[in-house]
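Summary of structural features
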Amino acid sequence: MPKQQIHYDVIVIGAGPAGYVSAIRCAQLGLKTACVDNWRNSKLQSSLGGTYLNAGCVSSIALLESAKIYHLLNHEIDSHGIHAENISMDIAQMMQRKDKIIETLSNKIVDIFAHHKISRIHAQAKMLNARQVEITPLDHSAPSIIQAKNIILAAGSSPIDLSCAPIDNEFIIDSTTALSLNSVPKKLGIIGAGVIGLELANIWSRLGSEIILLEAQENFLTLPDQQISREAYRIYTQQGLEMRLGARVVSTKKSHKKVTVEYQDNEGLHCLRVDKLIVASGRKPNTENLAAEEANLMLDENGFVHVDENCLTTLPGVYAIGDLTSLGPMLAHKGIEEGVFVAEQIAGIYTPINYDILPSVIYTEPEIAWVGQTEQALRAIGENIKIGTFPLSAATRSHVMGNPEGLVKIIAHADTDTILGVHIIGAQASELIAEAVLAMEFSACSEDLARTIHAHPTISEALQEAALSLEKRTLHLPVGKLPS
Ligand code: NAD
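Residues numbered from 1 in each chain as written. Predicted model: local features only at pLDDT ≥ 70, side-chain atom pairs only at ≥ 80, totals over all residues. Heavy atoms only, no water.

Section: the packing of aromatic side chains
What the rule picks out here adds up to three aromatic pairs. Here Phe220 and Tyr233 contribute two aromatic rings whose centre-to-centre distance is 5.3 Å and whose plane-to-plane angle is 70°, an arrangement assigned as edge-to-face. On the criterion of sequence distance, the pair formed by Phe220 in the loop between strand 9 (210-215) and helix 6 (226-239) and Tyr233 in helix 6 is long-range, its members being 13 residues apart. What makes Tyr233 partly exposed here is its relative accessible area of 30%. Three or more aromatic residues link up through ring pairs in this structure, and these residues are Phe220, Tyr233 and Tyr236. Of note, Lys32 hangs over the ring of Tyr8, and the distance from its end group to the ring centre comes to 5.3 Å. (Phe/Tyr/Trp six-rings, centres within 6.5 Å; stacked < 30°, edge-to-face > 60°. Helix = DSSP H or I, 4+ residues; strand = E, 2+ residues; numbered from the N terminus. Buried < 20%, exposed > 50% of the residue type's maximum accessible area, 1.4 Å probe, protein only. Lys NZ or Arg CZ within 6 Å of the ring centre and 35° of its normal.)

This is the structure we're talking about:
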């Protein structure tokens, strides 16, 4: 006799930031919710949080914290009059610390799910139609079917494979393995100087690897404002990262426990021999086996789930959020906001997302963060703009912290003074950007920021000073000496 089907108001597929947040918000709104997720950690146990928590951003920033301390003790501490000798690294313990952080945070999600009575299902999910989801236990025992009035697809993304550099996870590794190595590679090649490539480079270079990034594009970091990208390039290369731009990897060969990478640039073919090679060439949405063919889930030309501005797919009651769609960039906080947005829509509340005011962060040291438009994009559409900049080298607090590198740049409309974009490279840029996001959400002018009292000395003053510099009245930099 077929098993009786369990009925929910909402089934969420995927428990990354988009999916687990969506499940929590659905439950808060009184909806009977199930969340199906197939993540298995190294102990083959369920671990909520998706790539972001288990093998992405959280791992990356946890390791960067450790790497910064190691680097500080080896290279920077003497200037404080503190002499540290016999500094050694226990990489296994460093990884254990990272894993403990992941476990703690994942368990917190389990607790919140339990509090809200969300059914947590550790299984492979496949949408059969707009109402039914097949769930297959990970031990491949017999599948069952659950039903809901609404389905939220939040299955995330995975690394794009490069046929010229097939992953073996020993010598040619993906970003997940690159966050759990058990030794420091002497010479580390990275394909792709995008967000992931740079974040990994920042960790391993501080732990002692020689890094060579091979980037197919001629221009470095095209998403942020180009003034910030130029500053980033200068700082990273000064820190020892070797960046080869316009370098497209065409083949790889493994021999004698090393990888030979062949790449093409303007001058022809070159070879590079490294101990390990990380492939960080972008991510693709996890749509394979997400829905049965008969479900008719429509994908767009790039393989993302096709959605309208409300994250609704072409199937009634079926939403897609996070990395699965091309609405905005692949960012955890974009997925989180979409998770809340669709949960509220299902409950009859409509509070759309303002994708124009979405912060982006690159978690390197220094960090890069931005919100709104770049100078280049605004000039390209002929917008009448004015620009204010303030170098962190002129901020008292950065000096005290021994970290004076970086820049804050504010772009405002020349006539209305409305802030159109804020771009930061420097210590704690990921925290500073929140003030700019809030200002822009309230349609602030640069003068509002310039007249807002900031505690002194703080790094956040650099935002106020950059706003003052729009009218050439910075206080901690001689006027006339503003960087161009
Ligand atoms: P990316 O698109 O940012 O960078 C990949 C780079 O690889 C590109 O610059 C591309 O030109 C290059 N490339 C591709 N094939 C190549 C080849 N054969 N040879 C040389 N270079 C090649 O992708 P990513 O860094 O993998 O990140 C994936 C997504 O995840 C992005 O959308 C990113 O924003 C997101 N993400 C964000 C964060 C964050 O918010 N801090 C962290 C991790 C990932």
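Examining the environment of Asp415
With respect to the helices and strands, Asp415 occurs in the loop between strand 20 (406-413) and strand 21 (419-426). The class for Asp415 is exposed, based on a relative accessible area of 59%. On a C-alpha basis, the gap between Asp415 and Ile385 in space is 7.8 Å, while along the polypeptide they are 30 residues apart. Looking at Asp415, its side chain comes within polar contact range of the side chain of Asn384, at 3.3 Å. (Polar contact = N/O pair within 3.5 Å; in protein donor to acceptor, adjacent residues only side chain to side chain.)

Brief notes about the packing of helix 1 (residues 17-28) against helix 4 (residues 91-115)
Think of two packed helices as two axes; the pair is described by the angle between the axes and how far apart they sit. Between helix 1 and helix 4, whose axes approach to 10 Å, the crossing angle comes to 25°. Judged on the interaxial angle alone, helix 4 and helix 1 are roughly parallel. Read as a crossing pair, helix 1 and helix 4 show a hand that is left-handed. The residues of helix 4 that touch helix 1, namely those facing Tyr20, Ala23 and Ile24, are Ile109, Ile112 and Phe113. (Axes fitted to C-alpha atoms, helices over the stretch in contact; angles between N-to-C directions. Parallel < 35°, antiparallel > 145°, perpendicular 65-115°, else oblique. Left-handed = near helix turned anticlockwise from the far one by under 90°. Contact = heavy atoms within 4.5 Å.)

Here we look at the state of the cysteines
Inspection of the entire model under this criterion finds zero disulfides. No disulfide involves Cys57; its sulfur sits 20 Å from that of Cys35, the nearest cysteine. Cys57 sits in the partly exposed class, given a relative accessible area of 24%. Free cysteine: Cys164, not disulfide-bonded; nearest cysteine sulfur from Cys271 at 13 Å. (Disulfide = S-S within 2.5 Å.)

Re the domain arrangement of the protein
Considered domain by domain, the protein is made up of domain 1 (6-159 + 284-355), domain 2 (172-281) and domain 3 (366-473). A separation of 32 Å is found between the C-alpha centroids of domain 1 and domain 3. (Domains from an automatic or database assignment.)

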